[in-house]
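What follows is the residue order along each chain.
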Amino acid sequence: MKRNIILKIVALMLACVFLFALVSCNDTNYDNPTKISFKSALSYEYLKTLDGTPITINGYMATSSPVDGSYIYLMNLPYQSCPFCLPNTNELSNTMAVYPQDKKKFDYTTQAIKITGILEVSRNKDTFFKDDYGYEFNFKIVDAYYDILDESELGDKSLWTEIASSNLITDIYAMYDYLYFSTHWFTYTAKFESGEDYLYPSDAIYFITESGAQFNYGYQDGYFDTLRSNIKSISETELEELLEIIDRAEALSKLAVSELQRGLNNTSVYKPVVKYSEQFKGNRTQYEYLSDDLQVQYNELFADFSNWMSSFEY
């Protein structure tokens, strides 16, 4: 009888061990997650050190997150209808794709949330994950769940909420579209009724300076002054860094237009080159600016804006 009792105890212990192993294999380990921020996520090298490990981050769901709850776009701004991207690309910026645990869905909420999940990072900086909306990203958070944050945990968020409630960020992204065209215009090709499919410097000047043209808004008198006024209407003292970015954007805009005008029929500024065009499946003439200074300034300017955007944390 004693032997039978011992055998039953051993069998029970083995069953417990098997059950524990089974549960452990199916459950994600969230012990000691690393707290990351939108600012720290700007560094691919830093995120790579956390690949495959549990992390937490606070933010808000974008309203454009899939209605079926299969994943969400996490942002550090509330009330946003669309994820932010690098201008003229589908690459997410200041936005994170978050996927729930297996066979689970996310319920949408407008409240601030704390995400806990596993960070998954692409093999290298030039490879991307891609979702069914076409957005691309170097990293994503998987096997995730969220908790609603208590208001007392968020601190003073009045400034950020006021910015999010206005059209300011949308207006600044439109400004970057204008600057991108001004500083990268020669990469554009267009199919005209005449059959021509390349742009001259004079074409770019038309698109920027002609009343009613596609990118005229950034060339209009008072355009940058209006942006500055809108920023100051939110705060006269707390947004100096953003005002400085607008000042630099205006200076870059003037430089880009002056270089276009200087480049008319001047091959020392722009030179015609023949390149293969994937869009038109053939060789096409384009005009190239002989310096990369405009593009370098543009990239630096957007990097500083992205850094500013990511500085608000909850």
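These notes cover the structure that comes with them. Worth saying up front: this structure is predicted, and the values here are computed from it rather than measured.

## Section: the overall build of the protein
For step 1, the next point in the chain: Within the protein, the regular secondary structure consists of eight helices and ten strands.
For step 2, the next point in the chain: Taken over 314 residues, the protein has a buried fraction of 46%.
For step 3, the next point in the chain: Contacts in the protein between residues far apart in sequence, at least 24 positions, make up 65% of those at least 6 positions apart.
For step 4, the next point in the chain: A total accessible area of about 17,200 Å² is found for the protein, and carbon and sulfur atoms account for 51% of it.

## Comments concerning the pattern of salt bridges
For step 1, the next point in the chain: Under the defined criterion, the tally for this structure stands at seven salt bridges.
For step 2, the next point in the chain: Glu-244 is the salt-bridge partner of Arg-248, the closest N and O atoms lying 3.6 Å from each other. Placement of both Arg-248 and Glu-244 in helix H7 (residues 240-262) is noted, with a separation of four residues, approximately one turn of the helix.
For step 3, the next point in the chain: The exposure class assigned to Glu-244 is partly exposed, which follows from its relative accessible area of 39%.
For step 4, the next point in the chain: Three or more residues joined by partner-sharing salt bridges are found here, namely Asp-225, Arg-228, Asp-247, Glu-250 and Lys-254.

## Examining the pairing of strand E3 (residues 72-75)
For step 1, the next point in the chain: By the alternation rule, side chains of E3 split into Ile-72 and Leu-74 and Tyr-73 and Met-75, which are all buried.
For step 2, the next point in the chain: The sheet contact formed by strand E2 (residues 54-61) and E3 spans two bridges and is antiparallel. Paired with Met-61 across the strands is Leu-74, a residue of E3.
For step 3, the next point in the chain: Note: E3 against strand E4 (residues 95-100), four bridges, orientation antiparallel. Within the sheet, the bridge partner assigned to Met-75 lies in E4 and is Thr-95.

## Comments concerning the layout of surface pockets
For step 1, the next point in the chain: The calculated volume of the largest pocket comes to roughly 670 Å³.
For step 2, the next point in the chain: Every residue lining the largest pocket is counted, 29 residues in all, and those nearest its centre are Leu-86, Glu-91, Leu-92, Ser-93 and Phe-302.
For step 3, the next point in the chain: At the level of secondary structure, the elements contributing two or more residues to the lining of the largest pocket comprise helix H2 (44-48), E4, helix H4 (168-184) and helix H8 (293-309).
For step 4, the next point in the chain: Per-class residue counts for the lining of the largest pocket are 16 nonpolar, ten polar and three charged.

## Examining the environment of Leu-74
For step 1, the next point in the chain: Position of Leu-74 relative to the elements: it lies in strand E3.
For step 2, the next point in the chain: For Leu-74, a relative accessible area of 0% puts it in the buried group.
For step 3, the next point in the chain: Put simply, Leu-74 and Asn-58 are 16 residues apart on the chain and 8.5 Å apart in space, counted from C-alpha to C-alpha.
For step 4, the next point in the chain: Ignoring any residue separated from it by four or fewer positions in sequence, one finds Leu-74 in contact with Phe-38, Ile-57, Asn-58, Gly-59, Tyr-60, Asn-94, Thr-95, Met-96, Val-98, Ile-113 and Ile-115.

## What to know about the packing of aromatic side chains
Here a ring pair, both rings aromatic, is described through the centre-centre distance and the interplanar angle of the planes.
For step 1, the next point in the chain: Tallying each qualifying case throughout the model produces 29 aromatic pairs.
For step 2, the next point in the chain: With centroids separated by 6.3 Å and ring planes inclined at 40°, the aromatic side chains of Phe-129 and Phe-137 adopt a geometry described as tilted. Assigned by exposure class, Phe-129 and Phe-137 land together as buried.
For step 3, the next point in the chain: Of the aromatic side chains, those joined through ring pairs into one cluster are Phe-84, Trp-160, Tyr-173, Tyr-176, Tyr-180, Tyr-298, Phe-302, Phe-305, Trp-308 and Phe-312.
For step 4, the next point in the chain: Lying over the aromatic face of Tyr-99, Lys-140 brings its terminal NZ or CZ to 5.3 Å of the ring centre.
For step 5, the next point in the chain: The cationic tip of Lys-140 hangs over the ring face of Phe-129; the distance from NZ or CZ to the ring centre is 4.5 Å.

## What to know about helix H5 (residues 201-209)
For step 1, the next point in the chain: Along H5, the positions that sit buried rather than exposed are Pro-201, Ala-204, Ile-205 and Ile-208. All buried residues of H5 fall inside an arc of 100° around its axis, so they share one side.

## Let's talk about the nonpolar core
For step 1, the next point in the chain: Among the nonpolar cores identified, the biggest contains 67 residues, and Ile-163, Met-175, Tyr-176, Phe-305 and Trp-308 are the most heavily contacted of them.
For step 2, the next point in the chain: Looking at this core element by element, the count peaks at ten residues for H4.
For step 3, the next point in the chain: Once residues lying within four places of it in the same chain are set aside, the contact partners of Phe-305 are Ile-172, Tyr-173, Tyr-176, Leu-242 and Ile-245.

## Digging into the packing of H4 against H8
For step 1, the next point in the chain: Between H4 and H8, the shortest axis-to-axis distance is 9 Å and the interhelical angle comes to 165°. On the basis of the axis angle, H4 is roughly antiparallel to H8. For the pair H4 and H8, the crossing hand works out as left-handed. Across from Ile-169, Ile-172, Tyr-173, Tyr-176, Leu-179, Tyr-180, Thr-183 and His-184 in H4, the residues of H8 making contact are Leu-294, Gln-295, Tyr-298, Leu-301, Phe-302, Phe-305, Trp-308 and Met-309.

## Things to note about H4
For step 1, the next point in the chain: Over its 17 residues, H4 extends 24 Å from the first C-alpha to the last, a length consistent with the 24 Å expected when each residue adds 1.5 Å.
For step 2, the next point in the chain: In terms of burial, H4 is largely enclosed, as 13 of its 17 residues are buried.

## So, the side chain of His-184
For step 1, the next point in the chain: Examined against the element boundaries, His-184 turns out to sit in helix H4.
For step 2, the next point in the chain: By relative accessible area, which is 11% here, His-184 ends up buried.
For step 3, the next point in the chain: A polar contact is formed between the side chain of His-184 and the side chain of Thr-183, at a distance of 2.8 Å.
For step 4, the next point in the chain: With residues near it in sequence (within four places) discarded, His-184 still touches Gln-295 and Tyr-298.

About the criteria used
- Residues numbered from 1 in each chain as written.
- Predicted model: local features only at pLDDT ≥ 70, side-chain atom pairs only at ≥ 80, totals over all residues.
- Heavy atoms only, no water.
- Helix = DSSP H or I, 4+ residues; strand = E, 2+ residues; numbered from the N terminus.
- Buried < 20%, exposed > 50% of the residue type's maximum accessible area, 1.4 Å probe, protein only.
- Contact = heavy atoms within 4.5 Å.
- Areas by Shrake-Rupley, 256 points an atom, 1.4 Å probe, with all protein chains shown as cover.
- Salt bridge = Lys/Arg side-chain N within 4 Å of Asp/Glu carboxyl O.
- Pairing = 2+ DSSP bridges.
- 1 Å grid on protein atoms, 1.4 Å probe; cavity = no way out; pocket = protein on both sides within 12 Å on 5 of 7 lines; lining within 4 Å.
- Points joined across faces, edges and corners; volume = space filled by probe spheres on them.
- Nonpolar A, V, L, I, M, F, W, Y, C, P; charged D, E, K, R; others polar.
- Phe/Tyr/Trp six-rings, centres within 6.5 Å; stacked < 30°, edge-to-face > 60°.
- Lys NZ or Arg CZ within 6 Å of the ring centre and 35° of its normal.
- Arc of directions from axis to C-beta.
- Core = buried A, V, L, I, M, F, W, Y, C linked by side-chain atoms within 4.5 Å.
- Axes fitted to C-alpha atoms, helices over the stretch in contact; angles between N-to-C directions.
- Parallel < 35°, antiparallel > 145°, perpendicular 65-115°, else oblique.
- Left-handed = near helix turned anticlockwise from the far one by under 90°.
- Expected span 1.5 Å × (residues − 1).
- Polar contact = N/O pair within 3.5 Å; in protein donor to acceptor, adjacent residues only side chain to side chain.

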